[in-house]
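These are the residues of each chain, in order.
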Amino acid sequence: MPQAEDEAWMRKAIEIARSKGSDPSTSPLGCVIVLDGKIIAGERNQTEELPDATAHAEMMAIRRGCEGTGEMELRGATLYSTLQPCGMCTMALIWSKVGRVVYGAGRDDVHAMYFEAKHVDTLAFIADAYRDDIMIEGGCLREKCAALYYPPDADLPLEEQANL
Ligand SMILES: [Zn+2]
């Protein structure tokens, strides 16, 4: 897919990430799933408001995408996420049969609070997955995506650190 097209979809994901404000303490993650040139799902992280510990943007988008298409599998779809998917979402993406994952900021571009302390290396995880027809690429609009979150060197009080 041309880079300009990826960036256009990522801009949508950033818009969704910011849809309820851009306070980095609320983990503003945005995600869109694109199939045949159309957005079939666009979701923000909703863990606090639901509340649901599994309501990451990618999980919610997979749910909406499957509901919308009436299909359990999202073959041929591309998922765009403003931040590198966590281990849970990566496994869900593998199960969903999505064809391609494009993320903006990577683990090293943001504060460690956004990830599990012992992070599943998303790229290695996908490389070792039982599927060999899923692609993953990072760094799409990296700076714009990273700007949504606390920087790696932010000095945060412990109670702000969601992964503890
Ligand atoms: Zn996740």
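Remember, it's a predicted structure, so these values are computed and weren't measured experimentally. (Residues numbered from 1 in each chain as written. Predicted model: local features only at pLDDT ≥ 70, side-chain atom pairs only at ≥ 80, totals over all residues.)

## A closer look at helix α2 (residues 57-69)
Working step 1: Here α2 is 13 residues long and its end C-alpha atoms lie 18 Å apart, about the 18 Å a rise of 1.5 Å per residue gives.
Working step 2: Residues of α2 that are buried include every one of A57, E58, M59, M60, A61, I62 and G65, and no others.
Working step 3: Of the surrounding secondary structure, the elements contacted by the buried residues of α2 are β1 (30-35), β2 (38-44), β3 (78-83) and α3 (87-96).
Working step 4: Just past α2, the residue G70 takes up positive phi, approximately 75°. (Helix = DSSP H or I, 4+ residues; strand = E, 2+ residues; numbered from the N terminus. Expected span 1.5 Å × (residues − 1). Buried ≥ 20, exposed ≤ 12 C-beta atoms within 10 Å, placed from the backbone. Contact = placed C-beta atoms within 7 Å.)

## Looking at unusual backbone geometry
A negative phi angle is the norm for most residues apart from glycine, just as the trans form is the norm for most peptide bonds.
Working step 1: Cis geometry marks the peptide bond from L50 to P51, where omega comes out at -25°.
Working step 2: With respect to the element layout, P51 can be found in the loop between β2 and α2.
Working step 3: Backbone geometry places K97, a non-glycine residue, at a positive phi of 70°.
Working step 4: Mapped onto the elements, K97 comes out in the loop between α3 and β4 (100-105).
Working step 5: What makes K97 partly exposed here is the crowd of 16 C-beta atoms within 10 Å.

## Some points on the sheet that holds β3
Working step 1: Pairing is mixed in the open sheet, where five strands are placed in the order β2-β1-β3-β4-β5. Either end of the sheet is taken by a strand with one partner, and the two such strands are β2 and β5 (135-137). Taking each pair of neighbouring strands and ignoring which way they run, the sheet shows an average axis angle of 15°.
Working step 2: The sheet contact formed by β4 and β5 spans three bridges and is parallel. Directly across from V101, in β5, lies its bridge partner I136.
Working step 3: Lying over the sheet, helix α1 (residues 3-17) contacts β1, β2, β3 and β4, oriented at roughly 140° with respect to β1. (Pairing = 2+ DSSP bridges. Axes fitted to C-alpha atoms, helices over the stretch in contact; angles between N-to-C directions.)

## Focus: the pairing of β3
Working step 1: Among the six residues of β3, six are classified as buried, and the element is accordingly described as predominantly covered.
Working step 2: Inspection of the sheet shows β1 paired to β3 by four bridges, in the antiparallel sense. Among the inter-strand pairings, C31 is bridged to a residue of β3, identified as S81.
Working step 3: Inspection of the sheet shows β3 paired to β4 by five bridges, in the parallel sense. The partner of Y80 across the bridge, within β4, is V102.
Working step 4: Once the chain exits β3 it traverses α3 before rejoining the sheet at β4, and the crossover so formed is right-handed. (Right-handed = clockwise from strand over helix to strand, strands pointing away.)

## A few points about α3
Working step 1: Listing the buried residues of α3 in full gives C89, T90, A92, L93 and S96. Viewed along the axis of α3, the buried residues span an arc of 160°, placing them on a single side of the element.
Working step 2: On its buried face, α3 is in contact with α2, β3, β4 and α4 (122-127).
Working step 3: Positive backbone phi, at 70°, marks K97, one or two positions downstream of α3. (Arc of directions from axis to C-beta.)

## A look at the packing of α2 against α3
Working step 1: Running from amino to carboxyl end, α2 crosses α3 at an angle of 20°, the nearest separation of the two axes being 9 Å. With respect to α3, the axis of α2 lies roughly parallel. Regarding α2 and α3, the two cross each other, and that crossing is left-handed. When α2 is examined against α3, the residues E58, M59 and I62 are found in contact with a partner set consisting of C89, A92, L93 and S96.
Working step 2: A per-class count over the contact of α2 with α3 returns five nonpolar, one polar and one charged. (Parallel < 35°, antiparallel > 145°, perpendicular 65-115°, else oblique. Left-handed = near helix turned anticlockwise from the far one by under 90°. Nonpolar A, V, L, I, M, F, W, Y, C, P; charged D, E, K, R; others polar.)

## So, the nonpolar core
Working step 1: The biggest cluster of nonpolar side chains holds 41 residues, and the ones touching the most others in it are A13, V32, I33, A61, L79 and Y80.
Working step 2: For this core, the secondary-structure elements that each account for two or more residues are α1, β1, α2, β3, α3 and β4.
Working step 3: Ranked by residue count, the leading element in this core is α1, at six residues.
Working step 4: Other than its neighbours up to four places away in sequence, L79 contacts C31, I33, E58, A61, L93, V98 and V101. (Core = buried A, V, L, I, M, F, W, Y, C linked by C-beta atoms within 7 Å.)

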